[in-house]
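Summary of structural features
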There are 2 protein chains.
Amino acid sequence: MVVVNDIALTMSGRLRRTPFSKGVLAAGVKGYTVYNHTLLATVFHSLQEDYRHLKSFVQIWDVSCQRQVAVQGTDATHLVQLLTPRDLSRIAPKQCCYIPVVDEQGKMLNDPVALKHSDDHWWLSLADSDLLFWVKGLAVGRNIQARVYEPDIAPLAVQGPKADELMEHVFGEKIHAVKFFRFETFSFLDIPIVISRSGYSKQGGFEVFVPGIDIAMPLWNALLEAGKSLNVRVGCPNLIERIEGGLLSYGNDIGNENSPLESGLGRYCNLSSKVPCMGHDALIEEALCGPSRQIRPLAIDGPVAPVCDRPWSIKFQGKYAGKVTSATWSPDFDTNVAIAMVEMEFAEVDTRLEVEVPDGVRPAAVRSSFWL
Amino acid sequence: MVVVNDIALTMSGRLRRTPFSKGVLAAGVKGYTVYNHTLLATVFHSLQEDYRHLKSFVQIWDVSCQRQVAVQGTDATHLVQLLTPRDLSRIAPKQCCYIPVVDEQGKMLNDPVALKHSDDHWWLSLADSDLLFWVKGLAVGRNIQARVYEPDIAPLAVQGPKADELMEHVFGEKIHAVKFFRFETFSFLDIPIVISRSGYSKQGGFEVFVPGIDIAMPLWNALLEAGKSLNVRVGCPNLIERIEGGLLSYGNDIGNENSPLESGLGRYCNLSSKVPCMGHDALIEEALCGPSRQIRPLAIDGPVAPVCDRPWSIKFQGKYAGKVTSATWSPDFDTNVAIAMVEMEFAEVDTRLEVEVPDGVRPAAVRSSFWL
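Residues numbered from 1 in each chain as written. Chains lettered and ligands numbered in written order. Predicted model: local features only at pLDDT ≥ 70, side-chain atom pairs only at ≥ 80, totals over all residues. Heavy atoms only, no water.

Further remarks concern the pairing of strand β3 (residues 38-43) of chain A. Residue and element names in this part refer to chain A. The buried fraction of β3 amounts to six of the six residues, a majority that puts the element mostly inside the structure. Sheet topology note: the strand β2 (residues 31-35)/β3 ladder contains five bridges and is antiparallel. Residue T33 lies in a different strand from β3, and its bridge partner there is L40. Connecting the antiparallel pair β2 and β3 is a turn made up of two residues, with N36 showing a positive phi of about 50 degrees. (Buried < 20%, exposed > 50% of the residue type's maximum accessible area, 1.4 Å probe, protein only. Helix = DSSP H or I, 4+ residues; strand = E, 2+ residues; numbered from the N terminus. Pairing = 2+ DSSP bridges.)

Rendered as structure tokens:
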């Protein structure tokens, strides 16, 4: 079975390597994608073998492509609040929060995890778009007193059921005290490192915000060494696991044409007037009528291509009903798991739809939840 | 000889295909890069064979990755002028102009070709960054009355010494009347199409701004058909030819850490007070002392890797003197041609430097001009 649809990528300086690229290569990476102008591995053994391992053991991932936008200054919180409809007033220091970032029309520009260091200092850990430009443009245009920049931080994810155990070996027992979506500062080779309990999988784990290149490979090697007895491997975000878990991919499942309401992120939208998000008015207007389409988990029957590498149309009795944006075979759930943007008319649970896959039409059904 | 350093690219919807992707595949593309979240071919036969053909005949290039940012409205020209230190007051309708776009610190965000439709309507034909976000952020932040969006335009380049002849076959004799860096509206299948005499090569030719997907492949096929006797081929921007010609690549040769003065674009910087560019003050300050480094053509002796796919350090008597950002072998000039960012101290013509290539050190010399 062909696991991924590979074509040749010509390297250039414009596609940034990372402080861990040597480690990724040494681990036998088989494919890359480009994410925030940076290389991101997509597969090591096979999608399914990587998936099985991720769900059973622990992996370290080079996710340096999750570039950070730092917002610093007395108006930092004000500026971050302008970006998102999520109410940030209750976010504590050392807390992470997933924030839809929208433009003035209430359309998605990115969906980062924001790390609040203090009222004066935030990091936005980015999905695939140059959000720095929007935040800087807004700050400069509005004359907001905040420094907005991309710090030299290379995130490393440690994901999987054995992540706590592995991290304890390297960072000590206090790693267990880090709660979900909180972060603390640890140290490695006497250099302070921010570590959060977060990551782009549902298997548990951490993200390690590695500052600069000097400690990158030493830390990488220390984790691999410490994890030998835990069957640690170098890995990467896994397509099967992320679809099962309903983790959206900006650029695949949602984009600048979608609102957070369409993206199924309504729970992060506080549309009261005390949240001065740029897209406030547009989102209120949309909320009044309800979005016209929305993200749904979809189970697709029958054989389909191993990955959905371009949108597949969805039909209901011949009528356009939406598009599948991510799909693949799930060994654990014995079905094709998919994320789809479905027109509201056809988005109710159990609605039977038809998906136009590259070599035919397959029956599919809207599910009530992702596969968890 | 290995021509390009290829690794496997895993496709996904996030890496946009284009209206011409089928044509590119059918022509036997051997490698891609990702540019503005979009596929861009890098090689068809070999770098050198593509180069020879481009300099001898005519090629059609899918450069849909040159996404357009449209700026429309009564304040459109005001907004575009805020983006760039280039004085736009003398740019006429139907004129193209290359503009460095800088942030409030005078650092490069992109280097598009701007197409002026009218005072109320511009297109920016982008290099590789989400400039849309900066322009929108600035417009929204400053409350400027302009609509800023990415129209559904897929540029197709027709490049090479036979470009005029080929274009005449499809668009008629009046194509010859289009002057350099000017554009006119033509029609194909009764659909109006903007065509400019421009493009990312020094061989002459046109860029055809194809609106929407319906006429894309018909036009592609019409050009291939009409060009049979001219030995037309499907091609792509060629690394050798663009380095010889000194065509900068944003993300490779210059980036957000560089000013236009460092980028050798001082001739596009009008620092008088009548040009209200956001980076005005920062650029004036830099101009007073002069930039501390600058883009230079560099000839490198001896065998080097076929492409410079990450910066190579430059030394002068052991001291850091800059970095090579693009380099390859030029058959026509019988040397390794390179673009480098050289510290001013070492940037004088004929300065002898040493370049740290992957497998050793090579002598190099600063040239007075690119290879034209």
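Further remarks concern the relation of the copies chain A and chain B. Superposing chain A onto chain B takes a rotation of 180 degrees plus a shift of 0.0 Å along the axis, which leaves an RMSD of 0.0 Å. Taken together, the rotation and translation relating the two chain copies correspond to the operation of a two-fold axis. In this assembly, 100% of the residues forming the interface of chain A have copies in chain B that are likewise at the interface, indicating an isologous arrangement. (Least-squares fit on C-alpha atoms with pLDDT ≥ 70 in both. Contact = heavy atoms within 4.5 Å.)

Time to look at the nonpolar core. Among the nonpolar cores identified, the biggest contains 98 residues, and L124 and W134 of chain A together with L124 and W134 of chain B are the most heavily contacted of them. Setting aside chain neighbours within four positions, we find L124 of chain B in contact with R67, Q68, V69, V80, L83, I99, P112, V113, A114, L131 and V135 of chain B. Grouped together as the second largest cluster of nonpolar side chains are 80 residues, V29, V58, F206 and V234 of chain B included. (Core = buried A, V, L, I, M, F, W, Y, C linked by side-chain atoms within 4.5 Å.)

Residue and element names in this part refer to chain A. What the rule picks out here adds up to 16 aromatic pairs over all chains. For the ring pair F20 and W220, a centre distance of 5.4 Å and an interplane angle of 25 degrees mean the geometry is stacked. Taken as a pair, F20 in the loop between β1 (6-10) and α1 (21-26) and W220 in helix α6 (residues 216-226) lie far apart in primary sequence, 200 residues in all. W220 carries the same exposure label as F20, and that label is buried. Relative to F188, the ring of F171 has its centre 6.4 Å away and its plane inclined at 55 degrees; by these criteria the two rings are tilted. With a gap of 17 residues between them, F171 in helix α5 (residues 163-171) and F188 in strand β13 (residues 183-188) connect regions that are remote in the sequence. Exposure class is identical for F171 and F188. Each is buried. Put simply, the rings of F171, F186 and F188 pair up and form one aromatic cluster. The cationic tip of R147 hangs over the ring face of Y149; the distance from NZ or CZ to the ring centre is 3.7 Å. (Phe/Tyr/Trp six-rings, centres within 6.5 Å; stacked < 30°, edge-to-face > 60°. Lys NZ or Arg CZ within 6 Å of the ring centre and 35° of its normal.)

Glancing now at the packing of helix α3 (residues 76-83) of chain A against helix α4 (residues 131-142) of chain A. All names here are of chain A. Interaxial distance between α3 and α4 falls to 11 Å at its minimum, and their mutual angle equals 120 degrees. What the angle tells us is that α3 and α4 run oblique. Of the two possible hands of crossing, α3 and α4 adopt the one that is right-handed. Residue-level inspection shows L79, L82 and L83 of α3 in contact with α4, the latter providing W134, V135, L138, A139 and R142. Taken together, the residues of the contact of α3 with α4 break down into seven nonpolar, no polar and one charged. (Axes fitted to C-alpha atoms, helices over the stretch in contact; angles between N-to-C directions. Parallel < 35°, antiparallel > 145°, perpendicular 65-115°, else oblique. Left-handed = near helix turned anticlockwise from the far one by under 90°. Nonpolar A, V, L, I, M, F, W, Y, C, P; charged D, E, K, R; others polar.)

The next subject is the environment of S12 of chain B. Relative to the helices and strands, S12 of chain B is located in the loop between β1 (6-10) and α1 (21-26). A residue is classified by how much of its surface remains accessible, and S12 of chain B, at 15% relative accessible area, is buried. With 198 residues separating them along the chain, S12 of chain B and V210 of chain B place their C-alpha atoms 24 Å apart. Setting aside chain neighbours within four positions, we find S12 of chain B in contact with N252 and D309 of chain A.

Let us now look at the interface of chain A and chain B. Listed as interface residues are 46 residues of chain A and, on the opposing side, 47 residues of chain B. Carbon and sulfur atoms supply 56% of the area buried between chain A and chain B, which totals about 4,200 Å² over both sides. Looking only at chain A, the three residues that lose the most surface to chain B are I7, R14 and F133 of chain A, adding up to 19% of its buried area. For the pair chain A and chain B, the interface holds eight salt bridges. Of the charged contacts, one joins D103 of chain A and K136 of chain B as a salt bridge, the two residues approaching to 2.6 Å between their closest N and O atoms. Our count for the contact surface shared by chain A and chain B stands at 27 residue pairs in polar contact (both at pLDDT 80 or more). When contributions to the side of chain A that touches chain B are tallied by element, the ones reaching two or more residues are β1, β2 and α4 of chain A. With ten residues, α4 of chain A is the largest single contributor of residues to the side of chain A that touches chain B. When its residues are assigned to classes, the side of chain A that touches chain B shows 18 nonpolar, 16 polar and twelve charged. (Buried area = accessible area lost by both parts, 1.4 Å probe. Salt bridge = Lys/Arg side-chain N within 4 Å of Asp/Glu carboxyl O. Polar contact = N/O pair within 3.5 Å; in protein donor to acceptor, adjacent residues only side chain to side chain.)

All names here are of chain B. Pairing within the closed barrel is antiparallel, and its six strands lie in the order β17-β20-β19-β18-β21-β22. Pairs of neighbouring strands in the sheet enclose a mean axial angle of 40 degrees, with direction left out of account. Bridge count for strand β18 (residues 312-316) against strand β19 (residues 319-330) is five bridges, and the pairing is antiparallel. Bridge assignment links F316 to a residue of β19, and that residue is K319.

We now examine α3 of chain A. All names here are of chain A. Counting buried positions over the eight residues of α3 gives six, a clear majority of the element. Buried within α3 we find A76, L79, V80, Q81, L82 and L83. As for α3, its buried residues are in contact with β5 (68-72), β7 (101-102), β10 (121-125), α4 and β11 (147-149).

The subject of this paragraph is α4 of chain A. Residues and elements named next belong to chain A. Its twelve residues give α4 an end-to-end C-alpha distance of 17 Å, which sits within 8% of 16 Å, the value for a rise of 1.5 Å per residue. For α4, every residue scored as buried is listed here: L131, L132, F133, W134, V135, K136, G137, L138, A139, V140 and G141. Once α4 finishes, N143 follows within two positions and takes phi at roughly 60 degrees, a positive value. (Expected span 1.5 Å × (residues − 1).)

As a further point, take the pattern of salt bridges. Residues and elements named next belong to chain A. Counting across every chain of the model gives 46 salt bridges over all chains. Across the pair K55 and E244 runs a salt bridge, and its minimum N-O distance is 2.7 Å. Taken together, the residues K55 in helix α2 (residues 47-56) and E244 in helix α7 (residues 239-244) connect sequence positions 189 residues apart. Judged by relative accessible area, which is 3%, E244 ranks as buried. Overlapping salt bridges, with partners in common, bring together R52, K55, E244 and D332 in one network.

Below, the discussion takes up the pairing of strand β6 (residues 95-98) of chain A. All names here are of chain A. Burial along β6 is two-sided: Q95 and C97 facing one way and C96 and Y98 facing the other are all buried. Examined bridge by bridge, β6 and strand β9 (residues 113-118) share four bridges and lie antiparallel to one another. Among the inter-strand pairings, C96 is bridged to a residue of β9, identified as L115.

Everything listed here is a matter of coordinates, which is why it stays silent on function.
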